[in-house]
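Per-entry structural report
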Amino acid sequence: MGKPIPRRHKSLLVIRQEIDDAEQMIRLLRLRQALFLCCLVLIAAEFAAAQTPDTASLQGVVTGPDGVSIADVTVVIEDSNQHEERVVRTSAQGAFAAEGLPAGEPLELRAASAGFAPAVLRQIVLVAGVTAHVQLHMQIGSVQTEVRVTGAVDAVRADEPQIGDTLTTEQMRSMPLLNRRLTWLPLLNAVNRPAINQGDIFMNQDLFTANGTGRRQTWFEVDGASGNDAWGRQTIFTSVPIDAVSEMTILDNAFAADYGFGEGAVVNIVTRRSGDHYHGDLLGLWRPSEPEAALSGFSTTNASSGNDITRDTLAQGAGSVSGPLARNGYTSLLASAEYSWQNRASPVTSPLDMGNFIGHYRDWLGFLRADHRFSERHRGFLHLGADSFFDTNPNGTVGGSTLPSVDRIFRRRTWTAELGDTVVLNDSLSNEARMQFQLASPITQFSPVVSGTQFVVPISSGGTFTSGTSQSALLLNRQLEAVDTLTRTWSRNELRSGFDVIHARNGGNSKEFGGPIYDGKLTYFTCTGTASYCESSTYLGNIANVQNYTQSYGNADYVVDDTLAAVFVQDDAHVTHDFTLNLGLRYELQSFTDSRAGFAPRAGFAWNVAGRGMTTVRGGFGLYYSQVVDNSEANYALTGPTGVFNYTAAPGQAGFPSSVADVPLPAFPAGATAPLRSLYLRPGQAKYYDQFFPTSTLNGYPDALRNPYNEQWTLSAEQQLARAWVLSADYVGAHTLKIVRPLDVDAPSSFVRNAPGRVRSAQAANCTRPYWIAWYAQSGTACDPVKNAGATPPYSLIQSDVNDGVAYYDALDVNVSHHAANGSALLASYTWSHALDTVDPDVPGQNPNDPRMTGRAELGNAIFDQRHRFVLSGVYAAPFGVTTGGIATLASGLPYNVVTGVTNSGDTGATTDRPVMHGSVIGRNTGLGTAVYSVDPFVGKRIALGTERVHANLRAEAFNVLNHRNVVGFSGTWGNGAAAGLGFGAPLAGVTNQLLARELQFSAQIEF
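Residues numbered from 1 in each chain as written. Predicted model: local features only at pLDDT ≥ 70, side-chain atom pairs only at ≥ 80, totals over all residues. Heavy atoms only, no water.

1. Let's talk about the overall build of the protein
Selection criterion: Here a strand is any run of E in DSSP of at least two residues, a helix any run of H or I of at least four, and the numbering for each starts at the N terminus. Relative accessible area decides the class of each residue, using a 1.4 Å probe on protein chains only: under 20% of the type maximum gives buried, over 50% gives exposed, and in between gives partly exposed. Two residues qualify as a contact provided that any one of their heavy atoms is within 4.5 Å of a heavy atom in the partner residue. Neither His nor the chain termini are counted; the positive set is Lys and Arg, and the negative set is Asp and Glu. The atom standing in for a charge is NZ when the residue is Lys, CZ when it is Arg, CG when it is Asp and CD when it is Glu.
A count of helices and strands for the protein gives eight helices and 48 strands. C-alpha extents for the protein along the principal axes are approximately 105 × 60 × 60 Å. Counting only residues that meet the buried cut, the protein has 59% of its 1008 residues in that class. Expressed as a percentage of contacts within the protein between residues at least 6 apart in sequence, the contacts between residues at least 24 apart total 72%. Within the protein, one finds 73 positive and 92 negative side-chain charges whose respective centroids are separated by 4 Å.

In C-alpha cells, the structure reads:
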C-alpha cells in the first residue's frame, strides 16, 4: 500500500470520488438500458438458432436412387462410446438436423429406411462452431450408399466464410512445444507471428499477433466461454494442460456474429470428455542444459542484463486420468495436472556478487471436467481449472551489474469454474448455456526480495551498481460471465441468437513491475575507485557521495468495474442447396469506455461449387470492436493530478536527507516546492480536471474514450485435392480505426528538422506548450526559454489516450492440410502480408516523432510486419509404433524503429525522435531485421508393456536443431549525426531479442 497522500490533496480526492461515483451511476444506467434493449432483441429472436463455439452441428439431406428426397428416414448419431447423441427423422424434403453435438471426437451416423440399404458413415469428426453437411444417396438392395461430407475435420467448409485451421488431438500432442505450452500452437498457422519483441516476456505463455493487429486482440474461447482477462488481455486467463484438450481451432477471421470483443482472430479450445473406459497416463519430461547451444552476443564476463541467459534446465511432470463414475456411463470425469520446474542462469558481473544468478520458474496447471448425460437430449458439464506460477527473475531483472538485492518475484495465480448445459428441446430447437467465474489472485504481483531503499552507483571503470528496491505491485481480477445461445433450424435456414455478458472487477496497488519508490532511491556521483570500494558500505553510507535523492509520494491504488455485454443474431440462409447467404448482427458495449454505438454487422456467402463438396468459394465482410484493457486505469489513477509523483532533491535542497540513515523521509518535506509533474489524463473528464487546470488550453484533449474497431473483408477458395487432403487460398484485408494512442495533448510547437544535429531544449519546448502559454499570460509573466526560474506551471508533459491511430492489412494465406485415419497429419501454411499503421497497437513506447503530426507522417510498417512466413508441421505414423515429424518455420525479418537516441524536439517523455536523411525525418520502423528460420524435429516410439492396455511412449525432440541465430531485436539508435553511430543495426542480445538457440527435450510417458 502507498504512503498517505499529502494533506492538501485530501479534499480533492473526496471531490474526485464523488464525481467518479456519479459517472459510474450514469454508466450503469446506460448499461442497464443497453442490456434491456438486448433482451428485447433476444425475445424478438426467440426462434433463432445455432451451436456454441465448443459444440458442432450436423445437417443433411437423404435422397433415393432417382435423386428424390426420402422422408421419414431414421438417422442415428452415436459417439465413440456408442451412446446415442441424437435420433432424428428426415422431413418431407428429406432433410435432418442435429445441434449441440460434441466436437473433436469421432462420431458414427447411421440412416435406415424400409426398402433401402442402410447407410453408415463412420469416424466423422466435427469441428467446434461449424455446421457440417452430409448428402446421403441411399440405394436399393446391397448397392453402397454414396456419401458427401463438407465441414468436417478432413473436408472443405461450406457453411460460413470463416477462415482458419483445426488441430486434432493427435496433432496437438505430437508437436514439439517448448514447455508443452498450449499457446505455441497458433503459430502453426503462418498468419500468426511471435510477439517476443512487444513486451510481457515474463508471462508463462507464448505471445503472438494475428491479422495485422496487436498481441492483445486475439479472443480465447474455452468450452464456449471467454478465456480472456479483462484487466490486461496478456494471454489466456487460465491455461489448460495440453493433455486435456480435444480440439483447437485457430480462426484467422471469426466471421460469425457469435464472436466479438476482439479484432477478428480467435483461438477456440474444446476440452476432452471422458469415455466409458478408464484411462490414464503419466509423463516425465527433461530438457537438460548440457546439449543446449549458447545464445550469441554476450559471455559470462560481459552480460549486460539478466536476459543474457547462459543455462536453461527444465523438468516437467504431467498426468491425467479419466473414466466413468458409474456403470451406466451417464457421468464421467477427466482430471489432468502438470508441474514445471525450470532454472535459468543469468551471469552477474559485479565483483560484489560475481557468478550465476539462478532464476527459479515454477508452474502448475490443474484441470477437472465432469460430464453428465441427463438424457439423450440433455447433458451438462462442470469445468474447473487452475494455473499458478512464479518467477524469481522476471524479464531478467537480475544480471550484469544488477545484484540479486534488486530482484522482484513475479506471481500469477488464476482459477476458473464453468458450468455448461445443453438441452435439445426438439429436432430443430436447442439451447446452450454457460456460466463462468474466473479469479486471478493475483493477476500480477511483483514482490521485492529485498524491500528497501535503492542504491545506484555509476562506476567509472564500467557499468552501474544497483542494489535494493521498494517498487512492488499487487493487482487482482475477478470475472463473472453468462452466455446463452438458442438454436433452431429449418430446411433452408440456420438461425442463431444469443448473448454474452462479462462483469470484471479488478485493480489493486501500483502497476506492472511496480511504480512508486516509497522507500526512496539514492543516486551517487560517479565512483572512480575500484568496483569493490564503490559497492561497499563505506562508500554507500557516506551522504557526501550522493548526487540526488528521489522518493515517491501519493496514492497508487485503483479499482475498475467493467462490464462487457453483447447480443448477436446470425442467419445462414441456404438460397439453394449449394449456396448459403450469411447475415449477422452483433451489438456490444464496454462500460469502461464511452462507446455506445457498437453495432457490428457481418455479411458473407459460401458456395459449394457443383454441389459435390469438393470445391467451395467463400467471402465476407465484418466489423469487429476491440476491448480497451482495464489496466489503462493505472495510468489515469497513478499519473493523474492526485496520483503518485516523484520528488528529487540535490544536496542543499529541501528534502535532501542529512544522512543515509534518514532515508526514507516520513512525509513530503516541509518547505519543498512541488516538482514539475507529468500527467496522464483519462479522456472525457474535462469537468473533473478543470479544477486543477483549464483543459480548454490543451491541444486535442479527447472528449471520450472509444473502442477501436476493425473493418475486415475476405475472399477464399477451398479445394479437396483427395480424400482428407484440402487446399485453401484466402485473401484477408483489414482497416483498423480509432486505435488508442498515448499522446501529448499539451505538445510544444512542432520542431521542424531538415538537417541532422538540430536539438531544442526541454525548457524552450515547454515555453511553447499551450497550457504554459495560457498560464504565463494569466500570471502576467514571461516564460524563460533558457532556464526554469521563478514560478512555473505545475505540469509539463500532459498525456492522454487518443483514438487517432489507423492500420491497414492485406494478406494472402495458402494452406494445405491432411488428416489420416492412422493419426498422421500435415499442415503447410504460407502467408504473404503487409501491415501498415500510424501506431503499433499494444506495443510499449509508441510515441510519435512529433505529437502534432500523427497522421501520414507516422504511417509506416507495423512492428510486426513480416512479409513472408511459411510453417510446415506434421506427424507421420510409421510402422512398428514409430512416429516422427516436427515443425519447420521460415520467415522474413521484422522491422525496427530507427531513432536518434536524443530528445531533439525537447518534448521529454512524449516523442521518439527519428533521424533526418535527405532533408527530412525518416519514417517509422524503417529498419529491417534478418530472416528467421527454425527446424524443430521429433521422433517417438510406442512400446507395449506386457499388455495392449499399457504402453510406454518414448520421445526426443529438438528446437532450432540447425542452431540458426534468430534475432528479432536490433539496435535502432542511429545517432544525431549524418552518419550512423557505432553499433547501429547490430543484433541485440538476450531472450527478449533472440529466439531459441538449439535445445533438446526428452520425455517418457506411460499410458494405461
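2. With respect to the nonpolar core
Worth spelling out the cut-off: By nonpolar core we mean a set of buried residues, namely Ala, Val, Leu, Ile, Met, Phe, Trp, Tyr and Cys, connected to one another through side-chain atoms within 4.5 Å.
Judged by nonpolar contacts, the single largest core of 29 residues is most densely connected at L167, L182, L185, M248 and I269. At the level of secondary structure, the elements contributing two or more residues to this core comprise β12 (219–222), β14 (245–253), β15 (266–271), β38 (825–837) and β40 (868–877). Here this core takes three residues from β14, the largest share from any one element. If we ignore the near neighbours within four places in the chain, the residues touching M248 are D165, T166, L167, M172, L182, L185, P186, V267, N268 and I269.

3. Some thoughts on the pattern of salt bridges
Note the threshold: In what follows, salt bridge is the name for a side-chain nitrogen of Lys or Arg lying within 4 Å of a carboxyl oxygen of Asp or Glu.
All told, the structure shown has 36 salt bridges when counted by the stated rule. A salt bridge links R122 to E108, with the shortest nitrogen-to-oxygen separation between them at 3.6 Å. In this pair, R122 is assigned in strand β6 (residues 119–125) and E108 in strand β5 (residues 106–112), connecting sequence segments 14 residues apart. Its relative accessible area of 56% is what places R122 among the exposed residues. Here R369 and D371 are joined by a salt bridge, their closest N and O atoms 2.9 Å apart. Overall, the relative accessible area of 6% leaves R369 in the buried class.

4. Let's talk about the confidence of the model for the protein
Interpreting fine coordinate detail is not advised for predicted regions of low pLDDT. Definition in use: The quantity known as pLDDT measures the predictor's confidence residue by residue, on a range of 0 to 100.
For the protein, the average pLDDT comes to 88, and 94% of its residues sit at 70 or higher. Element-level pLDDT for the protein is lowest in helix α1 (residues 10–44), with a mean of 44, against a maximum mean of 97 in strand β27 (residues 521–524). Every residue in residues 1–19 scores below 50 in pLDDT, and together they form 33 contacts with partners more than four places removed in sequence or on other chains. In this model residues 28–50 is a low-confidence stretch, pLDDT under 50, and it forms 44 contacts with partners more than four residues away in sequence or in other chains.

5. Considering the state of the cysteines
Rules: Two cysteine sulfurs form a disulfide in these notes if their separation is within 2.5 Å.
A full pass over the atoms with the stated rule returns two disulfides. Between C527 and C534 runs a disulfide, and the two sulfur atoms are separated by 1.9 Å. Classification of the bridge connecting C527 and C534 rests on its S-S torsion, roughly -85 degrees, and on that basis the disulfide is left-handed. The pair formed by C527 and C534 is uniform in burial state, with each residue classed as buried. One disulfide in the model links C767 with C783; its S-S distance is 1.8 Å. Across the S-S bond of C767 and C783 the torsion is about -70 degrees, and the bridge reads as left-handed. With C767 in the loop between α7 (762–766) and α8 (770–779) and C783 in the loop between α8 and β37 (795–819), this residue pair connects regions lying 16 residues apart in the sequence. Overall, C783 belongs to the buried group, its relative accessible area being 19%.

6. Digging into the sheet that holds strand β8 (residues 146–150)
Strand-to-strand pairing in sheets goes through backbone hydrogen bonds, with the strands running parallel or antiparallel. Put simply, the rule reads: We treat two strands as partners when DSSP finds at least two bridges between them. Working convention: axes come from line fits to C-alpha atoms, limited for helices to the stretch in contact. Angles between N-to-C directions cover 0 to 180 degrees.
With mixed pairing, four strands are arranged side by side in an open sheet as β4-β1-β7-β8. Where the open sheet ends on each side, the last strands, each with one partner, are β4 (95–102) and β8. Between one strand axis and the next, the sheet turns by 20 degrees as a mean value, whatever way the strands run. For strand β1 (residues 55–63) and β4, the ladder comprises six bridges, and the chain directions are antiparallel. Residue V61 lies in a different strand from β4, and its bridge partner there is A95.

7. Observations concerning the environment of R998
Mapped onto the secondary structure, R998 falls in the loop between β47 (951–959) and β48 (999–1007). Separated by 35 residues in the primary sequence, R998 and N963 have C-alpha atoms spaced 4.9 Å apart.

8. Examining the UniProt feature "domain: TonB-dependent transporter Oar-like beta-barrel" (unreviewed entry) in the protein
Selection criterion: UniProt positions are given in the numbering used here, feature names are shortened, and annotations may be inferred rather than shown by experiment.
As annotated in UniProt, the feature "domain: TonB-dependent transporter Oar-like beta-barrel" (unreviewed entry) corresponds to residues 362–593 and 595–916 in the numbering used here. Helix makes up 3% of residues 362–593 and strand 66%. Its end C-alpha atoms lie 36 Å apart.

9. What to know about the packing of aromatic side chains
Cut-off, in case you're wondering: In this analysis, rings of Phe, Tyr and Trp, with Trp reduced to its six-membered ring, are considered paired at centre separations within 6.5 Å, and the interplanar angle assigns stacked below 30 degrees, edge-to-face beyond 60, and tilted for intermediate values. Both a distance and an angle decide whether a charge sits over a ring: NZ of Lys or CZ of Arg must be within 6 Å of the ring centre and within 35 degrees of the ring normal.
Scanning all chains against the criterion turns up 27 aromatic pairs. Taken together, the ring pairs connect Y361, F389, F410 and F446 into an aromatic cluster. Directly above the aromatic system of F381 lies the positively charged group of R369, at a separation of 4.4 Å from the ring centroid.

10. Observations concerning the pairing of strand β33 (residues 645–649)
Only one face of β33 is covered, namely the face carrying F645, Y647 and A649; the face carrying N646 and T648 is uncovered. In the sheet, strand β28 (residues 546–553) pairs with β33 via five bridges, with the strands oriented antiparallel. Bridge pairing in β33 links S552 to N646.

11. Focus: a nonpolar patch on the surface
Let me state the cut-off plainly: Nonpolar side chains (Val, Leu, Ile, Met, Phe, Trp, Tyr) within 5 Å and like charges within 9 Å form the patches, drawn only from residues with over 30% relative accessible area and no salt bridge. A 1.4 Å probe and the Shrake-Rupley method give the accessible areas. Residues count as covered only by the protein chains that appear here.
A cluster of nonpolar residues, L282, I943, L945, L954, I1006 and F1008, forms a patch on the protein surface that exposes about 500 Å² of accessible area. Within the fold, L282 resides in strand β16 (residues 279–287).

12. Quick word on unusual backbone geometry
Each neighbour pair has its own omega, and for S441 with P442 the value is 10 degrees, a cis peptide bond. By the element assignment, P442 lies in strand β22 (residues 429–448). A cis geometry characterises the amide bond from V663 onward to P664, with omega recorded as 0 degrees. With respect to the element layout, P664 can be found in the loop between β33 and β34 (677–681). Its identity is not glycine, yet K738 carries a phi of approximately 60 degrees, on the positive side. Take K738: it is sitting in strand β36 (residues 725–744).

13. As for the side chain of T90
Rules: Each polar contact in these results corresponds to two N or O atoms within 3.5 Å; when the atoms are within protein, one needs to be able to donate a hydrogen and the other to accept it, and residues that are neighboring in sequence are counted only if both atoms are side-chain atoms.
The topology assignment puts T90 in the loop between β3 (84–89) and β4. T90 gets classed as buried once you look at its relative accessible area, which sits at 6%. For T90, the side chain forms a polar contact with the main-chain oxygen of I70, separated by 3.0 Å. Looking at T90, its side chain comes within polar contact range of the main-chain nitrogen of D72, at 2.9 Å. Beyond its immediate stretch of four places on either side in the chain, T90 contacts V62, I70, A71, D72, V73, V75, A95 and F96.

14. Focus on empty space enclosed by the protein
As a reminder of what qualifies: A cavity here means a set of points on a 1 Å grid, drawn over the protein atoms and nothing else, where a 1.4 Å probe fits but cannot get out; a pocket is an open set with protein on both sides within 12 Å along at least five of seven lines, and a residue lines either one if it has an atom within 4 Å of a point. Grid points are joined across faces, edges and corners, and a volume is the space filled by probe spheres set on the points.
Under the criterion given, the structure shown has 14 cavities of 30 Å³ or more. Its volume calculated, the second largest cavity comes out at about 350 Å³. In terms of lining residues, the second largest cavity is bounded by 23 residues, among which A155, G164, D165, T166 and E718 are the most central. Broken down by secondary-structure element, the contributors of at least two residues to the lining of the second largest cavity are β9 (163–167), β14, β36 and β37.

15. Structural notes on α8
Within α8, the full set of buried residues consists of P770, Y771, W772 and Y776. Following α8 by one or two positions, G780 has its phi on the positive side, about 75 degrees.

16. Re the pairing of strand β31 (residues 599–609)
Only one face of β31 is covered, namely the face carrying A600, R602, G604, A606 and N608; the face carrying F599, P601, A603, F605, W607 and V609 is uncovered. Bridge count between strand β30 (residues 579–590) and β31: nine bridges; the pairing is antiparallel. By the bridge assignment for β31, T580 is matched with A606. Bridge count between β31 and strand β32 (residues 615–625): eight bridges; the pairing is antiparallel. Bridge assignment links R602 to a residue of β32, and that residue is G622.

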